[in-house]
Structure formats: C-alpha cells, structure tokens
Amino acid sequence: PVTKNAASATINGFELEMQAVPADGWFAEAAVGYLDAEYDDLDTLETRLFKNDKFERVPKWSVSAALSKEFALANASTLTPRIDWSWRSEVFNDSFNAPLLTQSSYQLLNMNLTFTDRNDRFDVVAAVENLTDARYVGSAFVNPDLLAGAPLVYEGGLPRSVVVGVSIRRSR
C-alpha cells in the first residue's frame, strides 16, 4: 500500500465504558464507541481521494459487552466462565472505499472457561472464539502493483477457533 498525507481531517467521537459487580462473583462489562471522521481539506490530484470518502478501517460505531461469574471450588481454586460479544458497524478496508473491500457490520461471540489454582500461581484457559463462525474481512487492500498479481488482496477474519492456554505467575 502507498501512504500519502491527506492534508487535514476532523475526528470527533466518544467512548463510554462500564464495569459492574452486580452480585458476589459476577462481573459485567459494556462499552460503546462512536467516531465521526471526515476529511476537511485534501489534494485530490495527489491522494486520489475525495472529501466524501470515508476513513479506512474506521467503524462509526462499536459496541461490546461481557459477563463472567467466578465459582469457588472445594479446594479454594476458582472456575470462571465468561461470555463476550462485540459488534462493529460497516468499515471500508481501503482509502478509496472500494465496494469489493467493504465489510458490512458484523458481530462476534466468544466464550471461555478459566481455572485458577488456589494459590493464584497459574490459570488454565479453554476458549471458543468466534463461536457463531461469523464471516468477516480480516484484512483487504487494493494492490497498486498490478504486475505482482491479483489487484485485490483479501484475507478473511478468523473462523471459529478453539484455544487452550496456560499462564504462570512468578512469585515476587
């Protein structure tokens, strides 16, 4: 990709995040973000962009929520299931807003289960990411070097994935 200065732009927006402990062991999170990004002044001959073009990879809206519950086990270890959801509005994956590279709004749902030992020295996590196997664009752009191959480069977002991990905390 070729990067050129677009001259000037204005970006207004907000992000609101909330965390709550509604009951013993429960943890809730929610967030909403809004961005209004637009070009103020640009050189169309230099950038090949127009004032009404939308910014690359910038959703106007993004929303997320998560809920988890920690359960104490008999040996003082804990087991914590968590579910999280996120949604993004339409994004253009290139500066020229090519329709073939536009990602319509989409949502993702993830779940995980975390075991923490009684001394809080390690966690074992099993997770399913993109639980609904949503199809979305992970990355896409117009290849300016047409001699190198395909004019459009497209990579799909991650499909449903099962992940297992261990994290170990050293004592201080």
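Located above this text is the structure these notes cover.
Heads up: these notes are all about the structure in this document. (Residues numbered from 1 in each chain as written. Predicted model: local features only at pLDDT ≥ 70, side-chain atom pairs only at ≥ 80, totals over all residues. Heavy atoms only, no water.)

### Examining the side chain of Ser-161
Here is step 1 of the chain: In this fold, Ser-161 is placed in strand 12 (residues 161-168).
Here is step 2 of the chain: If we skip the residues at most four places from it in the chain, Ser-161 touches Ala-127, Val-128 and Glu-129. (Helix = DSSP H or I, 4+ residues; strand = E, 2+ residues; numbered from the N terminus. Contact = heavy atoms within 4.5 Å.)

### A word on the pairing of strand 1 (residues 8-20)
Here is step 1 of the chain: In terms of strand pairing, strand 1 meets strand 2 (residues 26-41) through 13 bridges, oriented antiparallel. What sits directly across from Leu-16, in strand 2, is Val-32.
Here is step 2 of the chain: Hairpin connection between strand 1 and strand 2: a loop of 5 residues separates the two successive antiparallel strands, and Gly-25 in this loop has a positive phi of roughly 90°. (Pairing = 2+ DSSP bridges.)

### Description of the pattern of salt bridges
Here is step 1 of the chain: Within this structure, the stated rule accounts for 8 salt bridges.
Here is step 2 of the chain: The partner of Asp-36 in a salt bridge is Lys-60, with the nearest N and O atoms 3.6 Å apart. Here Asp-36, found in strand 2, pairs with Lys-60, found in the loop between helix 1 (44-47) and strand 3 (61-69); they are 24 residues apart in sequence, far enough to count as distant.
Here is step 3 of the chain: Looking at Asp-36, the relative accessible area reads 25%, which means it is partly exposed.
Here is step 4 of the chain: Here Glu-56 ties to Arg-57 by a salt bridge, and the two come within 2.3 Å at their closest N and O atoms. (Salt bridge = Lys/Arg side-chain N within 4 Å of Asp/Glu carboxyl O. Buried < 20%, exposed > 50% of the residue type's maximum accessible area, 1.4 Å probe, protein only.)

### Focus on the packing of aromatic side chains
Here is step 1 of the chain: All chains considered together, the criterion is met by 6 aromatic pairs.
Here is step 2 of the chain: Plain terms: the ring middles of Tyr-39 and Phe-55 are 4.7 Å apart, the flat faces sit at 35° to each other, and that makes the pair tilted. Here Tyr-39 is found in strand 2, whereas its partner Phe-55 is found in the loop between helix 1 and strand 3, with 16 residues between them in sequence.
Here is step 3 of the chain: Residue class for Phe-55 comes out buried when judged on its relative accessible area of 14%.
Here is step 4 of the chain: Here the aromatic residues Phe-14, Tyr-34 and Trp-61 are joined through ring pairs into a cluster of three or more. (Phe/Tyr/Trp six-rings, centres within 6.5 Å; stacked < 30°, edge-to-face > 60°.)

### Concerning the environment of Thr-102
Here is step 1 of the chain: Assignment of secondary structure puts Thr-102 in strand 7 (residues 102-103).
Here is step 2 of the chain: For Thr-102, a relative accessible area of 22% corresponds to the partly exposed category.
Here is step 3 of the chain: Each C-alpha atom, one on Thr-102 and one on Tyr-34, is 19 Å from the other, the two residues being 68 residues apart in sequence.
Here is step 4 of the chain: Aside from chain neighbours lying at most four places away, what touches Thr-102 is Glu-90, Val-91, Phe-92 and Asn-97.
Here is step 5 of the chain: Polar side-chain contacts of Thr-102 include one of 3.1 Å to the backbone oxygen of Ala-98. (Polar contact = N/O pair within 3.5 Å; in protein donor to acceptor, adjacent residues only side chain to side chain.)

### A look at a negative patch on the surface
Here is step 1 of the chain: A cluster of acidic residues, Glu-38, Asp-40, Asp-41 and Asp-43, forms a negative patch on the protein surface.
Here is step 2 of the chain: For Asp-40, the location among the structural elements is in strand 2.
Here is step 3 of the chain: A residue is classified by how much of its surface remains accessible, and Asp-40, at 32% relative accessible area, is partly exposed. (Patch = residues over 30% accessible without salt bridge, like charges linked within 9 Å, V, L, I, M, F, W, Y side chains within 5 Å. Areas by Shrake-Rupley, 256 points an atom, 1.4 Å probe, with all protein chains shown as cover. Lys, Arg positive; Asp, Glu negative; His and termini not counted. Charge placed at Lys NZ, Arg CZ, Asp CG, Glu CD.)

### Some details on the side chain of Gln-103
Here is step 1 of the chain: Locating Gln-103 in the fold gives a position in strand 7.
Here is step 2 of the chain: There is a polar contact of 2.4 Å between the side chain of Gln-103 and the backbone nitrogen of Val-137.
Here is step 3 of the chain: Excluding residues that lie within four positions of it along the chain, Gln-103 makes contacts with Glu-90, Val-91, Asn-93, Tyr-136 and Val-137.

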